[in-house]
Amino acid sequence: MKGLVSVCCFVSVLALATPEEEEVLDSILRDRSHIEETLRLAAEESSGDYAAALLRLRKIYHNSIRPMEHAYKYNELRQHEISAYPGRTLGDSATDGEITSKPMVLFLGPWSVGKSSMINYLLGLQDTPYQLYTGAEPTTSEFTVIMHGEKIRSVEGIVMAADSSRSFSPLEKFGQNFLEKLIGIEMPHKLLERVTFVDTPGIIENRKQQERGYPFNDVCQWFIDRADLIFVVFDPTKLDVGLELEMLFRQLKGRESQIRIILNKADSLATQDLMRVYGALFWSLAPLINVTEPPRVYVSSFWPYDYAPNTSRELFKREEVSLLEDLNQVIENRLENKIAFIRQHGIRVRIHGLLVDRYVQTFKEKMSFFSDPELVFKEIIDDPDKFYIFKSILAKTNVSKFDLPNRDAYRDFFGINPVTSFKQLSAQCSYMGGCLLDKIEKAITEDLPGLLSSINSSKNPILSSCEATGCGEKPKNRYRRN
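Keep in mind that this is a model prediction, so the values were computed, not measured.

Below, the discussion takes up the state of the cysteines. Enumeration over the complete set of coordinates arrives at one disulfide. Shown here is the disulfide that connects Cys429 with Cys435, its sulfur atoms set 2.0 Å apart. Taking the sign of the S-S torsion, about 115 degrees here, the bridge from Cys429 to Cys435 comes out right-handed.

Here it is in structure tokens:
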């Protein structure tokens, strides 16, 4: 009931307005037709090919990647410390919910900068009984997941975590206090059929993490790792950088290709002041974003009411359409991104299997009848370079030195998983099932690239949304790895 109250308690302005006031309000509302056109919400897309490709992807994962993942307990490795790919991890054996989940768009930023209002605007929820609550004071205290459903309803966090058909079950590890701050909202909406939005509590610099009652930064990291697009929202009055925002940007390292900076409420400033604020925003963020090419910055006002008079309304409109194009890229390439993600996960699992195999092989070679097993393995785990553990893996095909995980993670891994509990890869073969290493290598080098090629070749050339809306050159796909 708590979630329903937080979502639905806001009284609609239009519900209280007189007919004359309603007419005035309608006259200042912004036209939303460009949202429908750019995101192609009216277009009917064939779901048969998409479902068939997802079925093939799940089959490849369960038949070729998951067996090695399970045999060498990949899920017990400290993923964030060893991940060669900045970004998502499957955690425990990937569930069908992970594979079939929609792209996730995450909204981060200081309090009351317009994150919830932006979601209301994109979904057309403004002045409806189920819009996200907004206000000048800090209003969003929960992590709110807005997703598709057959009817409008709220879902408690404890229910979301317990539902195996969703991809939120790992959130149980953050405790009951956090689950009480997690709310799901389901509603029938064309955009939510293709993407899921996540609204987060605003950053309040004078609040310590302990005061929230749950590990706020760890929860943010979980959502960051799974987000396909990350909107970091600011407004002209909240450009200062404190410890909590600095920590957030440290967590975003390596995700620069997914980050979009939004300077919201831009029509509240005159053009000259806006230029100064834009420069101040870059000056504040420069120490936090240490990359050659900074993230894209959008300057506009993302809410349903018309732009303020005597402002750069044409610029704001182009910026908004450009942001919608970015969002559309995520939607259109969701299957390709998912295949690439599963392939990257398979590469990590393969490298982990090769490393465990090398540790097991070295341990057996060093053991003799009079050896102390604990002392022998302690020597190996303390100085793996002495036994060429990691260097030997580089001699394998398709293994880059930049993909090798943190060797210290294996000290903890073997601390809870004795080396004697694992078989060598050469023994992980069966007459009917084949060898684990052969199957995962085939998935990485043939099956998944073949599935990706079949999807690209089956795509029909259609009118791009930029051609439909006149926004100019269609941006390159920033989410697909070449």
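Anyway, onward from the coordinates.
Another point: the sheet that holds strand 2 (residues 143-148). Strand order in this open sheet of eight strands is 3-4-2-5-1-6-7-8, and the pairing throughout is mixed. The open sheet has two edge strands with one neighbour each: strand 3 (153-156) and strand 8 (296-299). Within this sheet the neighbouring strands show an average axis-to-axis angle of 20 degrees, counted without direction. Pairing between strand 2 and strand 4 (residues 182-187): six bridges, direction parallel. Within strand 4, the position partnered with Val145 by the bridge is Gly184. With respect to the sheet, helix 8 (residues 115-123) is in contact with strand 1 (104-108), strand 2, strand 5 (196-199), strand 6 (229-234) and strand 7 (259-263), its orientation differing from that of strand 5 by roughly 160 degrees.

Here we take up the pattern of salt bridges. This structure, assessed with the given rule, holds 17 salt bridges. Between Arg32 and Glu36 there is a salt bridge, with its nearest N and O atoms 3.9 Å apart. Here Glu36 falls in the partly exposed class, since its relative accessible area comes to 37%. For Arg276, the salt bridge is made with Asp273, and the minimal N-O distance between the two is 3.7 Å. Of the two residues, Arg276 and Asp273 are both situated in helix 13 (residues 271-285); the distance of three residues between them amounts to about one turn of the helix. One connected set of salt bridges, linked through shared partners, spans Lys378, Asp382 and Arg411.

Once that is clear, we can look at the confidence of the model for the chain. Across the chain, the average pLDDT comes to 81, with 80% of residues at or above 70. Low pLDDT, under 50, characterises residues 21-26; the stretch is placed with six contacts to residues that sit more than four places away or in other chains.

Running from N to C, helix 15 (residues 334-366) and helix 16 (residues 373-382) point in directions that differ by 130 degrees, and their axes come no closer than 10 Å. Considered as vectors, helix 15 and helix 16 are oriented oblique to each other. Seen along the crossing, helix 15 lies across helix 16 with a hand that is right-handed. On the side of helix 15, the interface is formed by Tyr359, Thr362, Phe363 and Lys366, while helix 16 contributes Pro373, Val376, Phe377, Glu379, Ile380 and Ile381. Taken together, the residues of the contact of helix 15 with helix 16 break down into seven nonpolar, one polar and two charged.

What counts and what doesn't
Residues numbered from 1 in each chain as written. Predicted model: local features only at pLDDT ≥ 70, side-chain atom pairs only at ≥ 80, totals over all residues. Heavy atoms only, no water. Disulfide = S-S within 2.5 Å. Pairing = 2+ DSSP bridges. Helix = DSSP H or I, 4+ residues; strand = E, 2+ residues; numbered from the N terminus. Axes fitted to C-alpha atoms, helices over the stretch in contact; angles between N-to-C directions. Contact = heavy atoms within 4.5 Å. Salt bridge = Lys/Arg side-chain N within 4 Å of Asp/Glu carboxyl O. Buried < 20%, exposed > 50% of the residue type's maximum accessible area, 1.4 Å probe, protein only. pLDDT = per-residue confidence, 0-100. Parallel < 35°, antiparallel > 145°, perpendicular 65-115°, else oblique. Left-handed = near helix turned anticlockwise from the far one by under 90°. Nonpolar A, V, L, I, M, F, W, Y, C, P; charged D, E, K, R; others polar.

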